[in-house]
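Chains, contacts and geometry: an overview
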Amino acid sequence: MSFKSGNFHYRKLTAAVALYCAGLTTATVQAQEAQEAAIEEILVTGSFIMRQSDQPRPISVISSDEIQQMQQKSSISELFKTLPQVTGSVSGINTQEGGGNSPTNTINLRGLGARATLVLLNGKRQTIDGSGEGVDVDNLAPSIMIERIELLTDGASATYGSDAVAGVVNFITRRNFEGTEIRSNIQKIETSKGNDPDVQFGIVSGVKGERLGIVAGLEVNHTETILAEEVFDEERMLITLQSSFANPGSFVPGSTGSIVAGRRPDPLCGSQTLAPGLRAGVLNAAGNGCLNINSLGRTLQPDHTRINGLAVVTHDLGHGITGEYELGFAHTEYDIPFGFVTPLLPPLPVVPANNPGVIAANAADPNFPIQDYRWWGRPLSSADGITGAIHGSEQDTYRLAAEFNGPILETGWQWRLSGTSSRNKSVFTSLDTLNDRLLNALNGYGGPNCGQTPASDPSGQFQGSGNCLWFNPFANHSLASPGDPEFNDPSVTDFFIGDRVNTGVGELRTINAMVAGDLFDLPGGTTSVALGYQFRKQQFSQDWDEVTNGGFSAATGTGFRFNQDPLPDFSGTRDTDAVFGEIVLYPIDNLELQAAVRYEDFGSSDSVDPKFGLIWSPMESLSLRGTYGTSFQLPREIEMFGASTGGASTRSLGGEGINARGVSNGNINLRPITSDNWTVGLTWNITDGLSLSADWWDIEFKDLVAAETADLILLADMADGFITAPQIVLRDGVPNEVCEVTGRWSGSGPLPAGCISGNDIQTFVTSFINQDGQNTNGLDFTLDYRFDALGSEWGARVNATWTNQYNIFSSGQKFDGVGSHNTLNLGVPNAEWRGNIAFDWRRGDTFARTTLRYISKLKEDDVANSPLTEEDNFITVDLVAGAKLFGNIDLTATVLNVFDASDPAKQNTLLPVTTSIYDWRGRVFRLGLGMSFN
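For every chain, the first residue of its written sequence is number 1, and the numbers climb from 1 along that sequence. Thresholds applied to this predicted model are a pLDDT of at least 70 for local features of residues and 80 or more for the giving and counting of side-chain atom pairs; totals over whole chains, interfaces and linings are not thresholded and use all residues. The basis for every side-chain value is the complete set of heavy atoms in the structure, and neither hydrogens nor water enter the calculation.

Moving on: the pairing of strand 25 (residues 525-544). Examined bridge by bridge, strand 24 (residues 497-522) and strand 25 share 20 bridges and lie antiparallel to one another. When the bridges of strand 25 are listed, Asn-512 appears paired with Gln-534. The pairing criterion for strands is at least two bridges between them, as found by DSSP. Helix and strand definitions follow DSSP, with helices as H or I runs of at least four residues and strands as E runs of at least two, each counted in order from the N terminus. Linking strand 24 back to strand 25 in an antiparallel pair, the connection comprises two residues. Bridging between strand 25 and strand 26 (residues 570-588) involves 15 bridges; their strand directions are antiparallel. Following the sheet pairing, Gln-539 is matched in strand 26 by Thr-573.

As structure tokens, then:
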């Protein structure tokens, strides 16, 4: 017995494994080569013991042909979004699902959360990113360096420890490559208005000597910005969230009193003279306010650059000892259009009567007498033709790993010792309004060189004079020219819009030691065992800028206007010690038994997790398998130690949408999430060319960790007609009666006095808690047919997942999440059926493939809040064809979504799409060119 490099290397699989994996492996020639291979011992993801390769397991393999030659996808994360077993993943083609800040690209098996899927590189753990979301799969290695990806879907905490609840994804890189390979791809999204395509360039080189081998790769990816209004028409844009804090805005006469009574929209609200379409704003139903369409200026695809490099060195040290060293890095930059800066929540800023905007508004509309006004608004306006607020994200990831293995004397046993160190630093920069500077600018003391305030200039000598400039919040500033009194100098806006900066750092160090060998012979084969120890040190920290640390102060007028609640810096460290063992027995020729157990001590508590499995082949063409095990997942660092911007309700109260913020506080007493995992499956080679693989899976989560759901808290609290829950913070002096519930307001006409409106809620303060749990089960199956005819190889493949249950237990309620958007619970959008049907043709080095992709419809569980959400099946067709030219050049052409099918629309979200499951892009063209040199 010997350890292969990275503990997972094997050269060829036999027919049964190849047929089982065929649902994810594109090249038909691979399956035929595998049929001719001799049975050998292999190591697979989820085990540390080599065993016969002709035993199918719940492991899917994505080959390098799928990743590189076919060139259907522009990134690893995008490839995973098409797999039926994956749902709810965050992908780099959109960074704002639910308004999130992080562009980290994660994998979400079974819709159980990104942190419930363990991500490995060459069998080794990697650090989470600085946002705390999870491991960014696009940062692991250049895709041109990846030899294959193994996807284990039955949980594996007994082998790997925390986070392997839903399964394990293991990225395995090239090690024995010699020569140079170059690949370049360009992509054009048809709906994009820009002319610049997305591009990808990769190079890998390898040399191998008698005792030393080096393989190194580098890849560069770049995507161009695509905004929502470039893709969707006005009808679809209008179903997104709308805010009464707009620009053009609304104004309330006077400097004190009710913030609603007497409110009137900007005279230019909705005027096409101001701007075309929705950029001029939309009047609300009552006609007393201007609405902002929140999807305007918001990105579907950000301007993004990623540079990713990896080098793997293999070294024969002699005496049977080998070493392997890995050095990797990734640098990413995102420019993310994020709408038109955050709204100016109460207390509303006062616009003085002598502000040039007030004077110009009065001249155009006598309904605006010259007096003080309180402003409902946003500092930037879509009517100005600008893109909006550009938020930024920058990440740097570094990885080091070393591994040594060799024989233990002449016993036949082997040892392995390895260590890793990985670090990710993520810096996210967003924009918000600095309150004191805004108030100065509204009073004529704006600009970086003014140096005066209303307090320092009581006579008004410098007001709007010299270096002291006015800021005009009325839309008439957009029609003015430089030199006009009501014109806004860009330096004024730059003066009072500041950067909110969050710097997060995730670090992971591991030490692993293991021995393995044979014990005794049984009738079916040799019993083997592996024993090991692992130490992990995980560190995580987040550091906010000082203004965000301090929060907003109404007394001093300082702080950011929107993110008013203080967010503290935090850091945490977790040390974990683990011991584990695994044994494989063959009591008879056609039966394999596996047992494994792992004990982990992570300081505050510990966990013991067993796993049992069997593979039985009652006949040569049929194999049956099953596994049972327990798994666990530690709470995220931010869930235990930190505080973060959390969820808030987007409902309407009293005719006004809620514009409150949310804060989620950490909970040091959180318990680990635990689960029971079952799988039962079979592989049946029905004929020489026809095979079926199927696996029934069942995962039951307990003590699920999540923030309390603001919307559920609100619904339960207002059931009696009054807001009294401590988690809902109201603004000072406002009423708490929900008059549409008590019957004092019918939903139309003026809101009676003493009735709460959506703008009266300031903050939802929630906490991370252990919820009741979650249970999901279903069936994965692959049907594969191969045959030769007319001098060509032909194939058809069905690869699908049926989700039978996706039950979420939250806040004492049970939610059936199958086929639902799961707006009202902790789940993710989860279709009942997801599947791909592929038809292949190949002759020599020329191939073509047609793939039909199907996602069954999602129902809107919050019907009252989102009646316009579409509930349709989503069906797309992809075409790809390629050929090898001149021996060392290959060309690939791809059309995704050939018939330009539109994804179902989603109402009452920041974007009218459900990007975690649907592809919004429409028709996409890709062209790939590769060259290889020996």
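Now for helix 13 (residues 710-717). Each residue is placed in one exposure class: buried if its accessible area under a 1.4 Å probe, protein chains only, is under 20% of its type's maximum, exposed if it is over 50%, and partly exposed if it falls in between. The element helix 13 is extensively covered by neighbouring structure, given that six of its eight residues are classed as buried. Taken together, the buried positions of helix 13 are occupied by Ala-710, Asp-711, Leu-712, Ile-713, Leu-714 and Asp-717. Any two residues having at least one pair of non-hydrogen atoms within 4.5 Å are treated as being in contact. Lining the buried residues of helix 13 we find strand 31 (652-653), strand 37 (728-730), strand 38 (761-770), strand 40 (792-810) and strand 41 (813-816).

Let's shift gears to the confidence of the model for the chain. The pLDDT score gives, residue by residue, the confidence of the prediction method on a 0 to 100 scale. For the chain, per-residue confidence averages 88 on the pLDDT scale, and residues scoring 70 or more make up 92% of the total. Confidence, read as mean pLDDT per element, is least for helix 1 (residues 15-20) in the chain (29) and greatest for strand 20 (residues 350-351) (97). Confidence drops under pLDDT 50 across residues 1-39; counting only partners more than four residues distant or on other chains, this segment forms 132 contacts. For the stretch residues 93-100, pLDDT sits under 50, and the model shows 33 contacts to residues farther than four places along the chain or on other chains.

When two cysteine sulfur atoms lie within 2.5 Å, the pair is treated as a disulfide. Summed over the entire model, instances satisfying the criterion amount to three disulfides. Covalently, Cys-450 is tied to Cys-468 through a disulfide, its sulfur atoms 1.9 Å apart. Measuring handedness by torsion sign, the sulfur bridge of Cys-450 and Cys-468 sits at about 85° and is right-handed. Taken as a pair, Cys-450 in the loop between helix 9 (435-442) and helix 10 (490-496) and Cys-468 in the loop between helix 9 and helix 10 lie far apart in primary sequence, 18 residues in all. On the basis of relative accessible area, Cys-450 is assigned to the buried category, the value being 11%. Overall, the relative accessible area of 2% leaves Cys-468 in the buried class. In this model, Cys-739 is linked to Cys-755 through a disulfide, with the two sulfur atoms separated by 1.9 Å. Across the disulfide from Cys-739 to Cys-755, rotation about the S-S bond amounts to roughly -90°, and the bridge is consequently left-handed. A residue pair is termed long-range when its members are at least 10 positions apart, and Cys-739 in helix 14 (residues 739-742) and Cys-755 in the loop between helix 14 and strand 38 qualify at 16 residues. The exposure class of Cys-739 is buried, given its relative accessible area of 0%. Relative accessible area serves as the criterion here: at 5%, Cys-755 is assigned to the buried category.

Centre distance within 6.5 Å is the pairing criterion for rings of Phe, Tyr and Trp, where only the six-membered ring of Trp is used; planes under 30 degrees apart are then read as stacked, over 60 as edge-to-face, and the remainder as tilted. Counted by the stated rule, this structure contains 22 aromatic pairs. With a centroid separation of 6.0 Å and an interplanar angle of 55°, the aromatic rings of Phe-80 and Phe-171 are classed as tilted. Of the two residues, Phe-80 sits in helix 4 (residues 76-81) while Phe-171 sits in strand 7 (residues 167-173), which places them 91 residues apart along the sequence. A residue is classified by how much of its surface remains accessible, and Phe-80, at 1% relative accessible area, is buried. Given the relative accessible area of 1%, Phe-171 is considered buried. With 6.4 Å between their ring centres and 5° between their planes, Phe-787 and Trp-794 make a pair best called stacked.

This paragraph deals with the pattern of salt bridges. Take a side-chain nitrogen of Lys or Arg and a carboxyl oxygen of Asp or Glu: if they are within 4 Å of each other, that pair is a salt bridge. Per the counting criterion, the structure on display carries 38 salt bridges. Close ionic contact of Glu-229 with Arg-279 constitutes a salt bridge, the shortest N to O distance being 3.1 Å. Taken together, the residues span a long stretch of sequence, with Glu-229 in helix 6 (residues 228-231) and Arg-279 in the loop between strand 14 (264-265) and strand 15 (282-283) at a distance of 50 residues. Note that Glu-737 and Arg-744 form a salt bridge whose closest N and O atoms lie 3.1 Å from each other. You can call Arg-744 partly exposed: its relative accessible area is 40%. Residues participating in the shared-partner salt-bridge network are Asp-784, Arg-786, Arg-797, Asp-840 and Arg-849.

Here the nonpolar core consists of buried residues drawn from Ala, Val, Leu, Ile, Met, Phe, Trp, Tyr and Cys, with membership extended through side-chain atoms lying within 4.5 Å. Residues Phe-80, Ile-107, Ile-149 and Phe-171 are the most contacted members of the largest nonpolar core, which totals 39 residues. Looking at this core, the elements that each hand over two or more residues are helix 4, strand 4 (117-121), strand 6 (146-152), strand 7, strand 18 (303-318), strand 35 (690-702) and strand 36 (705-707). Counting 37 residues, the second-largest nonpolar core is a separate cluster that includes Ala-228, Val-341, Tyr-373 and Leu-380.

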